[in-house]
Amino acid sequence: MTDRAKTPMADNPGSERDQGGEPKRRTFLAMLSYGLGGFAALLVGVPVVADVLKSMWLKKPREWRSVGTVDSFKVGQTVPVKFENSQPDAWAGSARQSAAYLRRQGQSEFIAFTVNCSHLGCPVRWEPKAEMFMCPCHGGVYYSDGDVAAGPPPRPLARYPVRINGKNVEIETTPLPINGRVPKPS
Amino acid sequence: MFRRMNAWLEERTGIGALIAPVMKHLVPRGSSWLYVFGSATLFAFILQIVTGVALSFMYVPSTSQAYQSLKFITENSALDHFLRSVHYFGASAMILMVGLHMLRTFLFASYKYPREASWMSGTVLLFLTIAMGFTGQILRWDQTAIWSVVVGAQQAGYVPLIGGALARFMLAGETLGGATLGQFFALHVFVFPILIGALLAPHLWMVVRNGISEPPRQGKPVKRETYKQEYDELLHREGVPFWPDAAWRDVLFAVLMITVIVGLAIAVGPPKLAAAPDPTNLVATPKPDWYLLWYFGVLALIPHLLTPYVIVGGPLLVFLGLFVIPLFAKEGERHPLRRPWAIGSVIIVVVFIGSFWWLSTWEPWSPRFEAPPLPTRVVGQVSPAAETGAKLFHDRGCEECHRIAGFGGFRGPDLTYVGNRLTGIEMTWRIANGGYNMPSFGSILSSQDIDNLVSFLETRKPKLTEGN
């Protein structure tokens, strides 16, 4: 059962021929093999890894999306709105859309809050009678202007860029806010 | 006939000769039932591969269709339903067994020389197992899953400098989208299992090479110079072949485990799917599965200013702390009774995790959105102003965090008998100005509202004379 022992092993390979240039030649061949192997690995590996990680740096173009006419929002009210986000892939299903809380401050003044708690991103709920946003996850609470009222959130609710375009209110698609910060429009 | 075939194959492959020494290697006598958790983890992993591959026959990893395919798996066929259930309880078993395996190797100090690398690879395997659990939960792709991705991305976002990039990687883009689920599928089905396999190979090989650690004895410290020789002598003196003298326990325990998994799968069924995934449906309470639930509690209750440090530093410190243990304690006593610090730290960790687990079952920090208005029997016979106050207590959200006579939330103090503790003026001041974890209602409620609320709260006192 000791077949393996009979396999020629390179423990002491060609010791008699090792004089002269042999060790150098072997070192060279080993280095050559490592080098070639490394080259091939990089040749394929770099583009593959870059492709897998590309979401880290690729930016999507920002678009203004209408969320309704100006008249459909009452002054002093906060309502949830939906809009198509910056990566509406055909197979994304409901994930094509994002939500925001739109508050009409005055005649021509709107605020679009992100729905994500600045603590860990859970969807905050607007409680119209209490006039506060409350987070179901860890009890974060925000005032109607998005400032932190209680709980663990480190920052106010982040805001999306919002504008009035003709009769419509428009929100600019932006990356998901991370820890209460929406990346600046580029 | 069979023996001749076997001999023919063996002569050409030599696989038997390769495996025999592994199976027959000598192990110390007295390797008791405490040594079965490692192999149980391995069996659970194999079970996960088998059931996972089978599930992938039915599952559609598409953001728009995954939920439907999972509903189909869960509802349309008893066998699919069973399969998903086994996969869930198998995951739970694997995490439980990893935990017990780690607990045993830590308490017996099996990580000391020459088994340091076994422990270190095990630490990475532990985190990979948890990563498998989390990514698997995401594949359910229901409301809870998609919001858990967001929560995961936010946590990654707390990492200094590269946080934003890590968060975008978790989302596979700028927001939840078509690429998100595909990436989690690839991680769960290919990347993490392959990494686990790649680390499992040396992890298991080292068991054969170094042998399992003998049961520790008091006053018998590990010394690097003499350990291997002593271990060899021990084996030759009283060692028994692993197969079948020790292996039968592993087999019996694993069979028991699998029987329990199958039993639970039939009796309990797979975890319920939440509502269909929709980033614009804002009624969602993302929550990790049971093995990470306690950590969710930690994040709610730590002092708020520490949040970024705990989210980044916590897991990192746990990983590094575990990883380097064998580098700092490579020699010396192994018996737990001679290592009070080891026992102490295990107790602290168990109590810590245990209490946060218990808290996480009722989440006292979460507002109770569904709390009903206070019933008349609780409000009692009070003035009209106080009656209005009782209504406001529910409508204006007080009840979501405060409790009265068993109704409402737990975040703030219980107000059942607040009339005994605070005067009307003190209450008015607190409601208007707020405090730590208490919003200030001065700009939200009219002074009339506050007066009504206070006159209601003033009536909250224990009844001196009971009605009958």
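This is a predicted model, so every value here is computed, not measured.

**Topic: the domain arrangement of chain A**
So, step 1. Under the domain assignment used here, chain A contains domain 1 (18-58) and domain 2 (64-172).
So, step 2. Of note, the centres of domain 1 of chain A and domain 2 of chain A, computed from C-alpha atoms alone, are 51 Å apart.

**Considering the sheet that holds strand E9 (residues 159-160) of chain A**
Residue and element names in this part refer to chain A.
So, step 1. Spatially, the four strands line up as an open sheet ordered E2-E3-E4-E9, and their pairing is antiparallel. The open sheet has two free edges, formed respectively by strand E2 (78-84) and E9, since each of these has just one partner strand.
So, step 2. By the bridge criterion, six bridges tie strand E3 (residues 97-106) to strand E4 (residues 109-114) in an arrangement that is antiparallel. Within E4, the residue paired with Arg103 across the bridge is Ile111.

**Topic: the interface of chain B and chain A**
So, step 1. Between chain B and chain A, the residue contacts involve 54 residues of the former and 51 residues of the latter.
So, step 2. Listed by contribution, the elements that provide at least two residues to the side of chain B that touches chain A are helix H7 (143-157), helix H8 (163-171), helix H9 (178-210) and helix H12 (290-301) of chain B.
So, step 3. Per-class residue counts for the side of chain B that touches chain A are 26 nonpolar, 21 polar and seven charged.

**As for the pairing of E4(A)**
Residues and elements named next belong to chain A.
So, step 1. Between the antiparallel neighbours E3 and E4 lie two residues.
So, step 2. Sheet topology places E4 next to E9; two bridges connect them, and they run antiparallel. Bridge pairing in E9 places Phe113 opposite Arg159.

**Considering the packing of helix H5 (residues 78-107) of chain B against helix H11 (residues 242-267) of chain B**
Residue and element names in this part refer to chain B.
So, step 1. Where H5 contacts H11, the two axes come as close as 8 Å, and the packing angle between them is 130°. The angle between H5 and H11 places the two elements in the oblique class. By crossing handedness, the relation of H5 to H11 is classed as right-handed. Seen from H5, the contacting residues are Phe82, Ser85, Val86, Phe89, Gly90 and Ala93; seen from H11, they are Met257, Ile261, Val262, Leu264, Ala265 and Ile266.
So, step 2. Classifying every residue of the contact of H5 with H11 by side-chain character gives ten nonpolar, two polar and no charged.

**With respect to the packing of H12(B) against helix H14 (residues 340-360) of chain B**
All names here are of chain B.
So, step 1. Viewed as axis vectors pointing N to C, H12 and H14 meet at an angle of 85°, and their least axial separation amounts to 8 Å. For the element pair H12 / H14, the angle class is roughly perpendicular. Contact residues: Leu293, Trp294, Phe296, Gly297 and Val298 in H12; Ile353, Phe356, Trp357, Leu359 and Ser360 in H14.
So, step 2. For the contact of H12 with H14, a count of residues per class yields eight nonpolar, two polar and no charged.

**Concerning the nonpolar core**
So, step 1. In this structure, Ala100(A), Ala44(B), Val149(B) and Ala153(B) are the most contacted members of the largest nonpolar core, which totals 96 residues.
So, step 2. For this core, the leading source of residues is H5(B), giving eleven residues.
So, step 3. What Ala44(B) contacts, discounting residues up to four positions off in sequence, is Gly90(B), Ala93(B), Met94(B), Met97(B) and Met257(B).

Cut-offs and rules
- Residues numbered from 1 in each chain as written.
- Chains lettered and ligands numbered in written order.
- Predicted model: local features only at pLDDT ≥ 70, side-chain atom pairs only at ≥ 80, totals over all residues.
- Domains from an automatic or database assignment.
- Pairing = 2+ DSSP bridges.
- Helix = DSSP H or I, 4+ residues; strand = E, 2+ residues; numbered from the N terminus.
- Contact = placed C-beta atoms within 7 Å.
- Nonpolar A, V, L, I, M, F, W, Y, C, P; charged D, E, K, R; others polar.
- Axes fitted to C-alpha atoms, helices over the stretch in contact; angles between N-to-C directions.
- Parallel < 35°, antiparallel > 145°, perpendicular 65-115°, else oblique.
- Left-handed = near helix turned anticlockwise from the far one by under 90°.
- Core = buried A, V, L, I, M, F, W, Y, C linked by C-beta atoms within 7 Å.
- Buried ≥ 20, exposed ≤ 12 C-beta atoms within 10 Å, placed from the backbone.

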